[in-house]
Each structure stands twice: as C-alpha cells, then as structure tokens.
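Overview (structure and organization)
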Amino acid sequence: MSFTFADFFCGIGGFHQALASLGGECVVASDWDKFARQTYEANYGITPEGDITKIDAQSLPDFDVLCAGFPCQPFSIAGKRLGVQDKTQGNLFFELVLIIEAKKPAVLFLENVKGLLSQDKGNAWRTIQSSLKDQGYHVYHKVVNAAHYVPQSRERLFIVCFREDVGFDFPDPPVVRDFEFDAILEASVSSKYTLSDKGWAGLQARRKRHERKSFGFGYNLRGQTWTDTTRTIPANYSRGGREALIPQPGRNPRKLTPEELRRLFGFPEGFVIPVSDTQAYRQFGNSVVVPAVRHTAEAMLKAANLV
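Our subject in this report is the structure included herewith. Predicted, not measured: the structure shown is a model, and the values here were computed from it.

Time to look at the packing of helix H3 (residues 92–103) against helix H4 (residues 123–134). At a closest axis distance of 11 Å, the pairing of H3 and H4 adopts a crossing angle of 10°. Accordingly, the angle class assigned to the pair H3 and H4 is roughly parallel. Between H3 and H4, the contacting residues are Phe 93, Phe 94, Val 97 and Ile 100 on the first element and Thr 127, Ile 128, Ser 131 and Leu 132 on the second. Grouping the amino acids of the contact of H3 with H4 by side-chain chemistry returns 6 nonpolar, 2 polar and no charged.

Here you go:
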C-alpha cells in the first residue's frame, strides 16, 4: 500500500473501491446508517464508526487522504435549501473540519450535489470554501457528470484540496465509456421488479401531467425511442423507478434490480449486497459512481506524489 485514507460518510464504500484500487489502505471509516455499515463491513472487513459527532478526532490514526461525500440534503435543489444553517445535517460538514484541523491530511477529496454551488446565492459554497482555505488548503472544484464513465447521468460536485499548491487540473473525461447500458442487464429477472398495474398507471398519469416540463422516464420508451443513459438514480428509486425502467414485451415495465444498479454505479463483480432491496436501492442511490471517482483520484494522487 502506497498511501492511507479515511472514509467519512462512507456509505457503501464508493470512495473505498476507487482508492483501494489505486493502492490505498483504509484506516478508518464512518457512517451513521447501520445498514450502510453492514454493507461496508461485508465487503471490506472494516466496521465503520457510527455518528461522526461522537468521534474523537485526536484519537484517529494518521492518514494521507480524507474522503467524504458529506450529507447533501441541506445543499440539494430537492431539499429545503437551508445549507450550512441546517441543524440536523448541514453542520456535519464542520465535523469534518474538526477532523481536518486535528489530522492535517495531505489531500482532501469531497463530494456533494452540484446545487451546493448556487445554494443560498452561493453563500453555502463560499462558507465551505473559506473553511477549507482557513485550514491551509488549496481548493479545486468541478462538476463531473458520471455519464462520461457509466450510462447514468449523474452530476456531482467534486472538491479536491491540497496542502501544497500543486496547480491541479481535473482530468479530461474518457472519450468512450467502458460499458453501455445493455451490459448491466440481467438475463433473468424476478417478476417482483415488474411495476403493478396501479404503479404503472400512476407513472403514466404523472408523465402526462408534467409533459410540458420534460418529465421523462430515463432509460425507457419515450414514444418508441430508447435513450442510452439513465436519469440520476435517487435514494428513493424503489418507490416508483421512473428514472430507469426496462420495457418488457406484453408486460408492464420493470425497475432495475440491485445487482443491475451495482453494475450501473461501477461496483465490481462479487460486491456483496447483504441488505433488503429497499435498503440496497437507497444505498446505491446515495453512492458515488466508482469509475468517475477513481479517474479524478488517480490524477489527485499523482499531483500529491502519493502514487
């Protein structure tokens, strides 16, 4: 192993997958959700710490890289737009700042929704950026769309920070994706993933009501035209699945299975999903896309002379 990393708000380990594949060793992980911790432990043999507010920063082992997809709800355009003033999630970013202040890792790799940049007229982003700079870091950011890597449109804000001014440039996306949508589909799928008549009728009615707002179904029939990229898969995908539905001759369309989502997010074959389908949908919907993170992480580590 050539470098060590910490994985906060770790979820099911998208950052872990990317950094471990580049030679990193995870020395500490943390997530408040017990089901995410269950999936993380099943795949990496590491039991994540729980509530980050209960962690004593001084007692943590040293590490070279801090990774964190810090809670996005307060910064999301789908949320309440309370930003860093939110009392339940937004201020958890400052728990990271306390850890950064205590451990001074060489590199930070943070992730959030792109709406963070414009939330509260940009004040949330300015607060976060100034907090990182106050800790002595040079801050670089870019909105990266995972559609360059996998067949899912998923724009996320990547924030990369260095203690030294390395003049970092985010890498150009690949010209060709490693795989296309058909490659993720299972040959045989249980009927439980097929939408009920009521569920399908409800989605069609909703589409009709919102058709002037370009309401769509992602990878599905729009008229009779297929798209080659899903819409962003959310944490509540299990409720309806409208972002990615698969047509079935003579039957209602179906949702993607957890195994298909595993592939869509770039997790490797053999990745264990030890939780219910509902929890699996939630976990993947909250995850980063592994190939997109890996591509940026590789450039980041080279700039920091860690690989």
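Here the focus is the nonpolar core. Core analysis: the largest hydrophobic core is formed by 52 residues, its most contacted members being Val 65, Leu 256, Leu 261 and Met 300. The element that contributes the greatest number of residues to this core is helix H8 (residues 290–303), accounting for 7 residues. Those residues in contact with Leu 256, other than ones at most four positions away along the chain, are Phe 181, Ile 184, Leu 185, Tyr 193, Tyr 237, Ala 244, Ile 246, Leu 261, Leu 264 and Tyr 281. Core analysis: the second largest hydrophobic core is formed by 30 residues, Leu 60, Ala 68, Phe 70 and Ile 159 among them.

What follows is about helix H2 (residues 34–44). Buried residues of H2: Ala 36, Thr 39, Tyr 40 and Tyr 44, and no others. Looking straight down H2, one finds that the buried residues subtend no more than 105° of arc, so they occupy a single side. Just past H2, the residue Gly 45 takes up positive phi, approximately 70°.

Its location among the elements puts Gln 135 in the loop between H4 and strand S5 (138–145). When residues no more than four places from it in sequence are discounted, the contact partners of Gln 135 are Val 97, Ile 100, Glu 101, Lys 104 and Arg 163.

Take the pattern of salt bridges next. Applying the stated criterion across every chain yields a total of 13 salt bridges. Notably, a salt bridge pairs Arg 282 with Asp 33, separated by 3.0 Å at the nearest N-O pair. Remark: Asp 33 occurs in the loop between strand S2 (24–30) and H2 and Arg 282 occurs in helix H7 (residues 277–285); sequence separation between them is 249 residues. On the basis of relative accessible area, Arg 282 is assigned to the partly exposed category, the value being 29%. As a salt-bridge pair, Lys 302 and Glu 298 come within 3.8 Å of each other at their nearest N and O atoms. Of this pair, Lys 302 and Glu 298 both sit in helix H8, 4 residues apart, which is roughly one turn of that helix. By relative accessible area, which is 27% here, Glu 298 ends up partly exposed.

Time to look at the packing of aromatic side chains. For the structure on display, the rule yields 16 aromatic pairs. Grouped by ring-pair contacts, the aromatic residues Tyr 140, Phe 162, Phe 168 and Phe 170 constitute a single cluster. Stacked on the ring of Tyr 137, the Lys or Arg Arg 163 has its end atom at 5.1 Å from the ring centre.

Next up on the list: the sheet that holds S5. Pairing in this open sheet of 6 strands is mixed, and the strands run S2-S1-S3-S4-S6-S5 from one edge to the other. In the strand order of this sheet, the two ends are held by S2 and S5, each with one partner. Going across the sheet, the axis of each strand differs from the next one's by a mean of 20°, ignoring polarity. With 6 bridges connecting them, strand S1 (residues 3–8) and S2 associate as parallel partners.

Conventions and cut-offs
Position numbers for residues count from 1 along each chain, tracking the sequence in the order it is written. Selection of residues for local features in this predicted model requires a pLDDT of at least 70, selection of side-chain atom pairs for listing and counting requires 80 or more, and totals for whole chains, interfaces and linings are taken over all residues. Think of the side-chain values as coming from all heavy atoms in the structure, minus any hydrogens and water. For helices, the axis comes from a line fit to the C-alpha atoms of the stretch in contact; other axes are also lines fit to C-alpha atoms, and the angle between any two N-to-C directions lies between 0 and 180 degrees. Helix and strand definitions follow DSSP, with helices as H or I runs of at least four residues and strands as E runs of at least two, each counted in order from the N terminus. An angle counts as roughly parallel when it lies under 35 degrees, as roughly antiparallel when it exceeds 145, as roughly perpendicular when it falls between 65 and 115, and as oblique in every other case. Here, two residues are considered to be in contact whenever any of their heavy atoms come within 4.5 Å of each other. Put simply, Ala, Val, Leu, Ile, Met, Phe, Trp, Tyr, Cys and Pro go in the nonpolar bin, Asp, Glu, Lys and Arg in the charged bin, and everything else, Gly too, in the polar bin. In these notes, a set of buried Ala, Val, Leu, Ile, Met, Phe, Trp, Tyr and Cys residues joined through side-chain atoms within 4.5 Å is what counts as a nonpolar core. Only protein chains enter the accessibility calculation, which uses a 1.4 Å probe; a residue whose area is less than 20% of its type maximum is buried, one above 50% is exposed, and one in between is partly exposed. What the arc measures is the spread of directions leading from the helix axis to the C-beta atoms. Salt bridges are identified by distance alone: a Lys or Arg side-chain nitrogen within 4 Å of an Asp or Glu carboxyl oxygen. Aromatic rings from Phe, Tyr and Trp, with only the six-membered ring used for Trp, were paired whenever their centres fell within 6.5 Å, and each pair was classed as stacked if the ring planes differed by under 30 degrees, edge-to-face if by over 60, and tilted otherwise. Only when the NZ of Lys or the CZ of Arg is both within 6 Å of the ring centre and within 35 degrees of the ring normal is a charge said to sit over the ring. Only strands that DSSP links by at least two bridges are regarded as paired with each other.

That is the geometry; function is a separate question.
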